[in-house]
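Single-letter residue listing:
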Amino acid sequence: MSQFFTEAVLIATVASGIRLAVPLLLASLGETYGQRSGVLNLGVDGIMLLGAFGGYYAVLETGNVWLGLLVGIGIGILLGLATALISVTLRAEQGISGIGVYLFGLGMSDLLFQRLVGTPTPISKFPKLDIPGLSDIPWLGEMLFQHSIIVYVAFGLVPFSMFVINRTVFGMKIRSVGENPEAADSLGVSVAKVRYATVTIGGMLAGVAGAALAIDLGIFQQNLTNAQGFIAIALVYFGAWRPLGVMAGALLYGFVNALVLQFKTLGIIPQSWSDIAAMAPAVITILALVVVARRFRQPAALTKPFTRGA
Amino acid sequence: MNRHRMRGTWLILAVVFTLLVAACGGDDDDATTTTTGEPSGTAGQTTTAASGEAFRIAIVAPSASNDLAFSQSIVDAVNVVSAERANVEVDVTDGTFVVEDAAAAIRDYASQGYDLVIAHGSQYGGSLQEIAPDFPDVSFAWGTAADTFGLDNVFSYEAASDEGGYVMGVMAAALSESGVIGVVGPVEVGDAKLYVDGFKAGAEANDSGVTVNVNYTGSFSDVALASEAAQAQISAGADVLSGTAQMVVGAVSVANDAGVLWFGTQANQSSLGGIVVASQVYKWEVVLRDILDKIEQGTLGGTVYEINLDNGGEVIEYNPAFTLPEDVTQLAEQTIAGIIDGSISTGQ
């Protein structure tokens, strides 16, 4: 255990936890917007996968990581709009249609990868951005302030989302549409417009999460997200539909994963326990979810399509 | 719905449709076609002679057919034997990480009368045991495993991956300056476990003072986790890494960034960067040639095969982009010779 408490290992573990949390945080923040307005998008993982492939392919072709991120955003917006069309305009059963979007993303990202790329080929990654002054702080600087820009953006989106949801007119409309769409409608709020906006924001952030994952890893492979989109949805419940709670969940999942990996590397967890230890992040997160979620109520109109006058 | 919204709806539908058409299009003369999920009798790589009934081979594999690892090794091998023989058709259903999907594909190929259905994944064994008796005229092969279930129409194949792993370990210990080597594995089973154990034994045999840290991530497919496992290994002092299964592309990417050396297995991973020293490459064609001969002679199963360094089913391929010191090359070649003549044991 003593080898864990060394500077290099502790710094690496915390930095690893943060990196692992970022795609989950981006995707679950986006999903929070949708769910607060009453729309459950189970297709997050599919959108992440297409965002990941789009971002990866753009970087592979141009070498420009920012263009890759932009492509991820564009794909996310497109698929967010498509999801809104299915869920809001066509009023499809959200659970089923979300699985459809996921399968579309899973299959299409692989098909495009096979056709356009073939063998996994490394690409450029996001450059590291050292925050002047802060990155030089011993230990803390390396843990928190020597990451790629997408890490700071993801965590910056937490207070931004808190402000938008809790302190703006748009946020008030989101909450009212998610709690009582009939009342919101009677006050002149367009339920459809608000839900289109939130689901599109969710799609966009899922696309960013996917692109960020691929560009941060510098590689793409079939099913790259490995179901992270579904974990992101669970984290929205874990976080009780609040950005700060969602961030706590993403960090918990990331840190437990990083800790388990480090413990296994150093032999603190015996090799024969590896498979059991690999389940720890999911088990701990689910247990925390059970404890936390019972104390909060989900948006009353979640998963319920809105029909005026129905 | 007003006109503006209607126009927007059609625009989205048009974009989605365009994406679909673009994805399903592509070059008609593309030599390689793989199908994901549903098996298809028409899609696939095809090598067909001018006349006669084609010999049809189907592959069901858990990851992408070009994963630079497990699935690619069997697809490459089938491509080799199909190029050697006339009138062979090959179909691939890859990405069947869900066993039920693989079982559906295996049954579908068998019902279409394929001559040989390859279930490339030890996790498919249970399904194959149920399916194979229903199709006594179809030959099945599955691996990595050493069990034909006592069925006359099932071949099985496995890799003595500890042998190549041992050679890699010897080289890794010779090249490591820090004396710490890291291994990123998936789940502690099958040829992954054999490789890791062989690698560790080889490294420790060459340098008893070397530390080999082994980290099984618990997943064959989680690229992000493999990447972070590699970071953990480097933070623990490793200056040489190795790993097995399709998720290691994430670990190789980290090795590239850190300038840490990498040893690959299952397929040639040299394309992933100049830090790749060498790869143990599976040459399943050694097995497949015999299986095809047997099927043509009317024997549809019952044999357990192994690929190893001796029979040429495992080959160490060096990365031409990496300058390997001459003494380490000689050490590797001596180790290979020692394993083949039996003077070196991998301990497995």
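1. Looking at the environment of L116(A)
Residues and elements named next belong to chain A.
Thought 1: Inspection of the secondary structure assignment puts L116 in helix α4 (residues 94-116).
Thought 2: Its relative accessible area of 43% is what places L116 among the partly exposed residues.
Thought 3: Considered as a pair, L116 and Y57 are 59 residues apart in the sequence and their alpha carbons are 8.3 Å apart.
Thought 4: If we skip the residues at most four places from it in the chain, L116 touches F53 and Y57.

2. As for the sheet that holds strand β8 (residues 180-185) of chain B
Residue and element names in this part refer to chain B.
Thought 1: Here we have 6 strands laid out as an open sheet, ordered β9-β8-β10-β11-β12-β14, and mixed in their pairing. Each edge of the open sheet carries a strand with a single partner, namely β9 (211-216) and β14 (314-318). Neighbour to neighbour, the strand axes of the sheet diverge by 15° on average, direction disregarded.
Thought 2: Inspection of the sheet shows β8 paired to strand β10 (residues 240-243) by 4 bridges, in the parallel sense. Bridge assignment links I181 to a residue of β10, and that residue is V240.

3. Regarding a nonpolar patch on the surface
Thought 1: Taken together, the side chains of W66(A), L129(A), I149(A) and V153(A) define a hydrophobic patch exposed on the protein surface, amounting to about 320 Å² of accessible area.
Thought 2: By secondary structure assignment, the location of L129(A) is in strand β1 (residues 128-130).

4. So, the confidence of the model for chain A
Should the pLDDT be low somewhere, the predicted coordinates at that spot are not to be read in detail.
Thought 1: Per-residue pLDDT for chain A averages 92, and the proportion of residues at 70 or more is 99%.
Thought 2: At the level of individual helices and strands, chain A shows its lowest average pLDDT in helix α12 (residues 274-278) of chain A, which scores 74, and its highest in helix α2 (residues 44-62) of chain A, which scores 98.

5. Describing the domain arrangement of chain B
Residue and element names in this part refer to chain B.
Thought 1: By domain assignment, chain B separates into domain 1 (35-159 + 284-307) and domain 2 (161-282 + 314-341).
Thought 2: The centre of domain 1, based on its C-alpha atoms, is set 29 Å off from the matching centre of domain 2.
Thought 3: On the domain 2 side, the residues contacting the 10 residues of domain 1 number 14 residues.
Thought 4: Of the roughly 1100 Å² buried between domain 1 and domain 2 on both sides combined, carbon and sulfur atoms contribute 61%.
Thought 5: Taken together, the links from domain 1 to domain 2 amount to 0 salt bridges.

6. Regarding the packing of helix α3 (residues 65-89) of chain A against α4(A)
All names here are of chain A.
Thought 1: Contact pair α3 / α4: the axes reach a minimum separation of 10 Å and the direction vectors enclose 150°. Taken together, the axes of α3 and α4 lie roughly antiparallel to each other. Of the two possible hands of crossing, α3 and α4 adopt the one that is right-handed. Touching L79, T83, I86 and S87 of α3 are Q94, S97, V101 and F104, all from α4.
Thought 2: Of the residues belonging to the contact of α3 with α4, the class tally is 4 nonpolar, 4 polar and no charged.

7. Examining the packing of aromatic side chains
Thought 1: As enumerated under the stated definition, the model contains 15 aromatic pairs over all chains in all.
Thought 2: Between W66(A) and F126(A) the ring centres are 5.6 Å apart and the planes differ by 40°, which places this aromatic pair in the tilted class. Of this pair, W66(A) sits in helix α3 while F126(A) sits in the loop between α4 and β1, and the two are 60 residues apart along the sequence.
Thought 3: By relative accessible area, which is 41% here, W66(A) ends up partly exposed.
Thought 4: Exposure remark for F126(A): the relative accessible area of 6% places this residue in the buried category.
Thought 5: A ring pair is formed by Y102(A) and F230(A), whose centres lie 4.8 Å apart and whose planes are at 80°; its orientation type is edge-to-face. Residue Y102(A) is found in helix α4, and its partner F230(A) is found in helix α10 (residues 228-238); the two are separated by 128 residues along the sequence.
Thought 6: Here F230(A) falls in the partly exposed class, since its relative accessible area comes to 27%.
Thought 7: In this structure an aromatic cluster arises from ring pairing among F53(A), Y56(A), Y57(A), F113(A) and F220(A).
Thought 8: Cation over ring: R56(B) sits above Y114(B), and NZ or CZ is 4.2 Å from the ring centre.

8. Some words on α10(A)
Thought 1: By the burial criterion, the buried members of α10(A) are Q228(A), G229(A), A232(A), I233(A), L235(A), V236(A) and F238(A).
Thought 2: Immediately downstream of α10(A), the backbone of A240(A) shows phi near 55°, a positive value.

9. Quick word on the packing of α3(A) against helix α9 (residues 191-217) of chain A
Thought 1: Their axes nearest at 6 Å, the elements α3(A) and α9(A) cross at an angle of 145°. The element α3(A) and its partner α9(A) pack so that their crossing is right-handed.

10. A look at the interface of chain A and chain B
Thought 1: Listed per partner, the contact involves 47 residues of chain A and 57 residues of chain B.
Thought 2: The junction of chain A with chain B conceals about 4100 Å² of combined surface from both sides, 58% of it contributed by carbon and sulfur atoms.
Thought 3: Close ionic contact of E228(B) with R19(A) constitutes a salt bridge, the shortest N to O distance being 2.7 Å.
Thought 4: If you look at where chain A meets chain B, you find 15 residue pairs in polar contact (both at pLDDT 80 or more).
Thought 5: The biggest single contributor to the side of chain A that touches chain B is α4(A), with 9 residues.
Thought 6: Per-class residue counts for the side of chain A that touches chain B are 24 nonpolar, 17 polar and 6 charged.

11. Observations concerning the pairing of strand β7 (residues 154-159) of chain B
All names here are of chain B.
Thought 1: Most of β7 is tucked away: 5 of the 6 residues are buried.
Thought 2: As defined by bridge partners, strand β6 (residues 139-143) adjoins β7 across 4 bridges and the pair is classed as parallel. Bridging from a neighbouring strand, F140 pairs with V154 of β7.

Thresholds applied
- Residues numbered from 1 in each chain as written.
- Chains lettered and ligands numbered in written order.
- Predicted model: local features only at pLDDT ≥ 70, side-chain atom pairs only at ≥ 80, totals over all residues.
- Heavy atoms only, no water.
- Helix = DSSP H or I, 4+ residues; strand = E, 2+ residues; numbered from the N terminus.
- Buried < 20%, exposed > 50% of the residue type's maximum accessible area, 1.4 Å probe, protein only.
- Contact = heavy atoms within 4.5 Å.
- Pairing = 2+ DSSP bridges.
- Axes fitted to C-alpha atoms, helices over the stretch in contact; angles between N-to-C directions.
- Patch = residues over 30% accessible without salt bridge, like charges linked within 9 Å, V, L, I, M, F, W, Y side chains within 5 Å.
- Areas by Shrake-Rupley, 256 points an atom, 1.4 Å probe, with all protein chains shown as cover.
- Salt bridge = Lys/Arg side-chain N within 4 Å of Asp/Glu carboxyl O.
- pLDDT = per-residue confidence, 0-100.
- Domains from an automatic or database assignment.
- Buried area = accessible area lost by both parts, 1.4 Å probe.
- Parallel < 35°, antiparallel > 145°, perpendicular 65-115°, else oblique.
- Left-handed = near helix turned anticlockwise from the far one by under 90°.
- Nonpolar A, V, L, I, M, F, W, Y, C, P; charged D, E, K, R; others polar.
- Phe/Tyr/Trp six-rings, centres within 6.5 Å; stacked < 30°, edge-to-face > 60°.
- Lys NZ or Arg CZ within 6 Å of the ring centre and 35° of its normal.
- Polar contact = N/O pair within 3.5 Å; in protein donor to acceptor, adjacent residues only side chain to side chain.

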